[in-house]
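# Remarks on the overall topology
Residue strings, one per chain:
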Amino acid sequence: MKILLASSEVYPFSKTGGLADMVGALGVALAEAGHEARIVTPLYRGIREKFPALRKVDWNFDLPFGAEFFSGQLWELDFAPRLKIYFIEQPEFFDRAGIYFEKNISYADNPERYLFFSKCVVHLARYLPWQADLVHGHDWQTGLVPALILQAKRAGWGNAPRTCLTIHNLAYQGVFPKEIFPLTNLDPDFFTPTGAEFFGFINFLKAGIAFADIVTTVSPRYAREITTEEFGCGLDGFLRTHAAKLTGILNGVDYAEWNTEKNSRLFRSYSATRPGGKSFNKQELQRLLALPVAEKIPLFGTISRLAEQKGVDIQLAALEEMLQADIQFCQLGSGSPEFEHGYRELARRHPSKVAVRFGYDETLAHRIEAGCDFFLMPSRFEPCGLNQMYSLRYGTIPIVRATGGLDDSVVDFSESQKKANGIKFFEYSSRALAKAIRKAMAIYQTPALLKEFRKNGMQADFSWKSTVKQYLKAYRK
Ligand code: ADP
Ligand code: GLC
């Protein structure tokens, strides 16, 4: 099959979260499975410098944008066998310090930026000599792609591709004032309650759900959850209407990137059969973070966007209580200033037990995954979550709230004594999380159990082979 993937971020070119990891890895996995994949993404600042092999294509296009026209320039990179990446250059929109925001404030013209990007995706799909069978967009930023394709079909595009939309996070829908709609150049009948209209606003993601041939999300449990009021973010009813075309597919892990055996970011390599190096990584991480170097003290870690979704509030409260005990905690993250402040305060009150780092740091992310004993993910909701799967492979026991992909990927002792590889808790409260941390401490004091949990985790397999099969099945449908 020929598949054109479209995403606002793609690892290793741009990344703010798991979306980038997922799309980059899906492209590679499709190509490895023998299909032809191409990915289209914006050319953000710095990409050309980091990837000098990027080539300018002799193709500059002017696209209608309301009553005006906006121009884009195409760049390309042969990234892997059967995998080409296209970049859309539009300096006014994409040559900026941030991807979506600066200093925690979203760019005011994000609707225009990603509407323009979506128009470019459709333009490529239509006029590239390479004709995609299917265009697969990701999240609200490409939500309008299926509608734009349908519109072009009405205007005579005979062999238009089928469309798939993946929802990575229903909490971000791209809802904007209706004055944006005329910029789409779509016929007015796309802006109705069964289409892009949402309480008088335009909703990019809703348009995608309405007009894509198939809608997927990133875990089976999240696919069920989003059809309920609790997790539906106002779209549960709409999703129930479209339930027949909705499936949940758990993300895979790119083990070429996230592994403990061939990884120059780690202090020492280790594996399920040679687990010895893990304690060296712990020592070096403690040294790096200026925490007391002590094998006996369990080290808890977390890496995340500091957003409501991630359960930062209950985590801060649970740690406040649990830091009375002999444990250490480190975190890497960036996001809400209020949550950053909370972590800074925690570190200030417990300087010999807590280390916090802010900003984006890939090397440190790998070192935390490898050096910690336990990884905390107390998310309020979690469409898939990748860090718990990375933790499992790194022999770091995940402590997760049983929601979305966290529930689908971690096995608690109560589910299987033989296969247990993590700790789950259910109630969204600091008390329930503190109890889970106490369980972790008990496991840490029982070497045989600790060894068993780690071994089960390191042997768990979330490779893309199985994920890609499920996508192909969805595409064929
Ligand atoms: P989400 O996409 O909701 O942020 P995921 O668990 O799916 O959550 O993916 C998060 C990804 O982003 C992981 O690869 C994680 O390591 C990475 N990440 C998050 N915050 C940081 C950070 N501050 N520095 C480096 N990597 C980070
Ligand atoms: C989103 C979700 C996260 C998921 C990622 C990749 O950012 O918040 O749970 O793992 O997308 O699909």
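Bear in mind the structure is a predicted one, so any value in this text is a computation, not a measurement.

## So, the domain arrangement of the protein chain
You can read the domains of the protein chain as domain 1 (2-252 + 465-476) and domain 2 (277-461). Taken together, the contact pairs 20 residues of domain 1 with 23 residues of domain 2. Interface area lost by domain 1 to domain 2 is led by Asn104, Arg221 and Leu250, which between them contribute 28%. Counting across the domain 1 and domain 2 interface gives one salt bridge. Across the contact surface, domain 1 and domain 2 share twelve residue pairs in polar contact (both at pLDDT 80 or more). Elements with a contribution of two residues or more to the side of domain 1 that touches domain 2: helix H1 (18-32) and helix H8 (220-225). No other element matches H8, which puts four residues into the side of domain 1 that touches domain 2. Residue composition of the side of domain 1 that touches domain 2, grouped by class: eight nonpolar, eight polar and four charged.

## Here we look at the pattern of salt bridges
Overall, the coordinates contain 31 salt bridges when judged by the stated rule. Between Lys84 and Glu76 there is a salt bridge, with the nearest N and O atoms lying 3.4 Å from each other. Judged by relative accessible area, Lys84 falls into the buried class, the value being 14%. What makes Glu76 buried here is its relative accessible area of 14%. Between Arg454 and Asp373 there is a salt bridge, and its shortest N-O distance comes to 2.9 Å. Remark: Asp373 occurs in the loop between helix H13 (362-371) and strand E18 (374-377) and Arg454 occurs in helix H17 (residues 447-459); sequence separation between them is 81 residues.

Rules of the game
- Numbering of residues starts from 1 in every chain and runs along the sequence as written.
- As a convention, the first chain written is A and the first ligand written is 1, with the rest following in written order.
- Local features in a predicted model are, by the rule used here, given only for residues with pLDDT of at least 70; side-chain atom pairs are given and counted only at 80 or more, and totals for whole chains, interfaces and linings are based on all residues.
- No hydrogens and no water enter the side-chain calculation; it runs on all heavy atoms of the structure.
- Domain extents, as shown, originate in an automatic or database domain assignment.
- Any two residues whose heavy atoms approach within 4.5 Å at even a single point are treated as in contact.
- By buried area we mean how much accessible surface two parts lose on assembly, using a 1.4 Å probe and totalling the loss over both.
- The term salt bridge refers to a side-chain nitrogen of Lys or Arg lying within 4 Å of a carboxyl oxygen of Asp or Glu.
- Counting of polar contacts relies on pairs of N or O atoms within 3.5 Å, with two restrictions inside protein: one atom must be capable of donating a hydrogen and the other of accepting it, and residues adjacent in sequence are counted only when both atoms are side-chain atoms.
- Working definition: helices are DSSP H or I runs of at least four residues, strands are E runs of at least two. Numbering for both runs from the N terminus.
- When residues are grouped by polarity, Ala, Val, Leu, Ile, Met, Phe, Trp, Tyr, Cys and Pro land in nonpolar, Asp, Glu, Lys and Arg in charged, and all others, Gly among them, in polar.
- Type-normalised accessible area, obtained with a 1.4 Å probe on protein chains alone, sets the label of each residue: buried when under 20%, exposed when over 50%, and partly exposed for intermediate values.

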